[in-house]
Amino acid sequence: MTMPSPNESRKLLWDYIFVGGGLSASVVATRLHKYEPRLKILIVEAGPNVNNRSYLSGPRYANLLGGDFDWKDHSTKQSWLEGRTVDLPGGKALGGSTVINGAGWVRGDKFDYDAWGSATGDARWSYDGQLPFMRKSEKLFSETMNPDKHGLDGPMSIQSVTSKNRTFPLRDYALQAWAKVGIDALPVLDGNAGNPLGVAELQENRENGQRQVAAAAYPLDGIEVMTDTMVEKVLIENGAGEEGGLTAVGILLANGDEIRGREVIVAAGAIRSPQVLMLSGIGPAADLAKHDIPILLDNPEVGNNLADHGIAWHPWKVKDLAVGRALGSSNPVFNEPQYGWVFPFDFVVSTDVPKEGLAAAIAEDEGAIPDPATHPLLAHARTFVEHVLMYAGAVDGSLVTFGIITMLPTARGSIRLASAHGQDAPLIDPNYLGTAVDRYVAREAVKLQIRYAGSYATVIGREILDGEAGAPGFDEVLSIDSTDEYIDARIRAGLG
Ligand SMILES: Cc1cc2nc3c(=O)[nH]c(=O)nc-3n(C[C@H](O)[C@H](O)[C@H](O)COP(=O)(O)OP(=O)(O)OC[C@H]3O[C@@H](n4cnc5c(N)ncnc54)[C@H](O)[C@@H]3O)c2cc1C
């Protein structure tokens, strides 16, 4: 990676200019260069180069949320979350959100990739089409775990809980309890082999606990990079390209400099890519007009169809503190360094939801009773929820924290311009829980959590935990007696 001088970058005609230097730009630019080393490739990134800042690699990534390398965005007021706004972290540094993210290495469900393949009519987007690239990216910890599904010499080092010798005290209990509520362990606990439905062991893209920032793992050799440089918009001219019509001819920086290129790739992330397009004159005409932006292409889809998952965390009380089951307790095992590297949990548990209630929720959203044989949410098992049981929650080890992550939201939100200037964050409306399906899925996820953690049926509920700890503003706690109304209220108060 080299840094061009401002004069040099202005004079050159670049073959490819990337707006944003995050995960996707790091990968695509590196591969373009490998494909054709003579290409002149420029990445322009709003944040700094933090590749050599080792503290970023520490285990407590959450310290980075709201920090110097986070755009610190917020949602608009969410009508299904009691009008709350939600913090929306996003990486602002070379490497993008890989600088602040959770580093969970979680491959999607085969079914979902195959849906891309059918939607695009292009088999390269299906699971089998993507698999060679997923394998190419990995250097997996095991040569024997599903070797036909994984890679061993990619740039991303992947470790797991057991490959790094973490034996959490609750591991066996947690596994037994999942079986008791009907969720089976996946073969070799591998959730990254196409079918994640079941209990998988956590895999992470860390190397001995060290975060792998995308721009370091894909080192951008032979690529020019400008950091701390905000792109205001893409420069578009009519008839400039070989085929005529609107053609991107370069970018305008926030400092007023123009840089020219043959192709511009907008890789500014899910929030700012549509913002950059709209600032460039591509987007819904009425919205652009509101901000006096000249309309080059009236495209109502730009800024629409935002899909974001929600997360809700619930604290559960641990019995018999002296046994030392959770982080913070006096159990000496937690003093071993590997327990501090990463998240304190064993498993990522992916589940479907009961189809009968789902069909009713679909009917509410779509205004017609769905055909269970053909409706895409009903006809197959789908990965709607991820559950994680974090063995931490209080400084004295008296709590564990149960998370539900809703993975297949059907509500769609939007990104709209707040002003005609790139430095003003756009208006971000994820529309969390905006459909009956999403509300049903979240409720079912919490009900499963209660069966798992709060009932005598499982060893976790019977012997390990002592009920839910509750939440501010609520007199009750989650329990097997909780009504749907109470569960919904807790979700509205806590999901983000
Ligand atoms: C808190 C958090 C936790 C996450 N945890 C996980 C996880 O555990 N596992 C997982 O698989 N995924 C996780 N993700 C998601 C994952 O990090 C993203 O999917 C991925 O980084 C997206 O890549 P991208 O290239 O689209 O965007 P990004 O990596 O975000 O890169 C976009 C880049 O564009 C830059 N940019 C934006 N606007 C401009 C502009 N106008 N001019 C110049 N530069 C600009 C940004 O600064 C940023 O560097 C998490 C994300 C976050 C935020």
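Residues numbered from 1 in each chain as written. Predicted model: local features only at pLDDT ≥ 70, side-chain atom pairs only at ≥ 80, totals over all residues. Heavy atoms only, no water.

## Some points on the domain arrangement of the protein chain
No. 1: In terms of domains, the protein chain is made up of domain 1 (6-54 + 214-298) and domain 2 (139-204 + 307-494).
No. 2: Tallying the contact residues gives 16 residues for domain 1 and 15 residues for domain 2.
No. 3: In terms of surface lost to domain 2, no three residues of domain 1 exceed Ile-271, Gln-275 and His-291, which account for 36% of the buried area on that side.
No. 4: The interface formed by domain 1 and domain 2 contains one salt bridge.
No. 5: Across the contact surface, domain 1 and domain 2 share four residue pairs in polar contact (both at pLDDT 80 or more).
No. 6: Considering each element in turn, the side of domain 1 that touches domain 2 owes the most residues, seven residues, to helix H7 (residues 269-279). (Domains from an automatic or database assignment. Contact = heavy atoms within 4.5 Å. Buried area = accessible area lost by both parts, 1.4 Å probe. Salt bridge = Lys/Arg side-chain N within 4 Å of Asp/Glu carboxyl O. Polar contact = N/O pair within 3.5 Å; in protein donor to acceptor, adjacent residues only side chain to side chain. Helix = DSSP H or I, 4+ residues; strand = E, 2+ residues; numbered from the N terminus.)

## Describing the site of the ligand
No. 1: In the vicinity of the ligand, 28 residues are found, and the nearest of them are Ser-24, Glu-45, Ser-97, Gly-104 and Val-231.
No. 2: Interatomic distance of 2.8 Å between a side-chain N/O atom of Ser-97 and an oxygen atom of the ligand.
No. 3: Residue Gly-104 places a main-chain N or O atom 2.9 Å away from a nitrogen atom belonging to the ligand.
No. 4: Relative to its unbound accessible area of 1,000 Å², the ligand is 75% covered by the protein chains.
No. 5: Broken down by secondary-structure element, the contributors of at least two residues to the shell around the ligand are helix H2 (23-35) and H7. (Near = heavy atom within 4 Å. Areas by Shrake-Rupley, 256 points an atom, 1.4 Å probe, with all protein chains shown as cover.)

## Considering the UniProt feature "binding site: FAD" (unreviewed entry) in the protein chain
No. 1: In the numbering adopted here, UniProt assigns the feature "binding site: FAD" (unreviewed entry) to Val-231.
No. 2: One can find Val-231 in strand S12 (residues 231-238).
No. 3: Judged by its relative accessible area of 7%, Val-231 is buried. (UniProt positions renumbered as here; feature names shortened; annotations may be inferred. Buried < 20%, exposed > 50% of the residue type's maximum accessible area, 1.4 Å probe, protein only.)

## Concerning the side chain of Glu-468
No. 1: With respect to the helices and strands, Glu-468 occurs in strand S23 (residues 465-468).
No. 2: The residues contacting Glu-468, other than those within four sequence positions of it, are His-314, Pro-315, Trp-316, Lys-317, Val-477, Leu-478 and Arg-490.

## Overview of the side chain of Gln-275
No. 1: Structurally, Gln-275 is set in helix H7.
No. 2: Beyond its immediate stretch of four places on either side in the chain, Gln-275 contacts Leu-417, His-421, Gly-422, Asp-424, Ala-425 and Pro-426.

## Quick notes on the packing of aromatic side chains
No. 1: All told, the structure shown has eleven aromatic pairs when counted by the stated rule.
No. 2: Ring centres of Phe-168 and Tyr-391 lie 5.1 Å apart, and the angle between their planes is 55 degrees; this geometry places the pair in the tilted category. Pair noted here: Phe-168 is in the loop between strand S6 (156-160) and helix H5 (171-180) and Tyr-391 is in the loop between strand S19 (385-390) and strand S20 (399-406), with a separation of 223 residues, a long-range link.
No. 3: Residue class for Phe-168 comes out buried when judged on its relative accessible area of 2%.
No. 4: For Tyr-391, a relative accessible area of 1% puts it in the buried group. (Phe/Tyr/Trp six-rings, centres within 6.5 Å; stacked < 30°, edge-to-face > 60°.)

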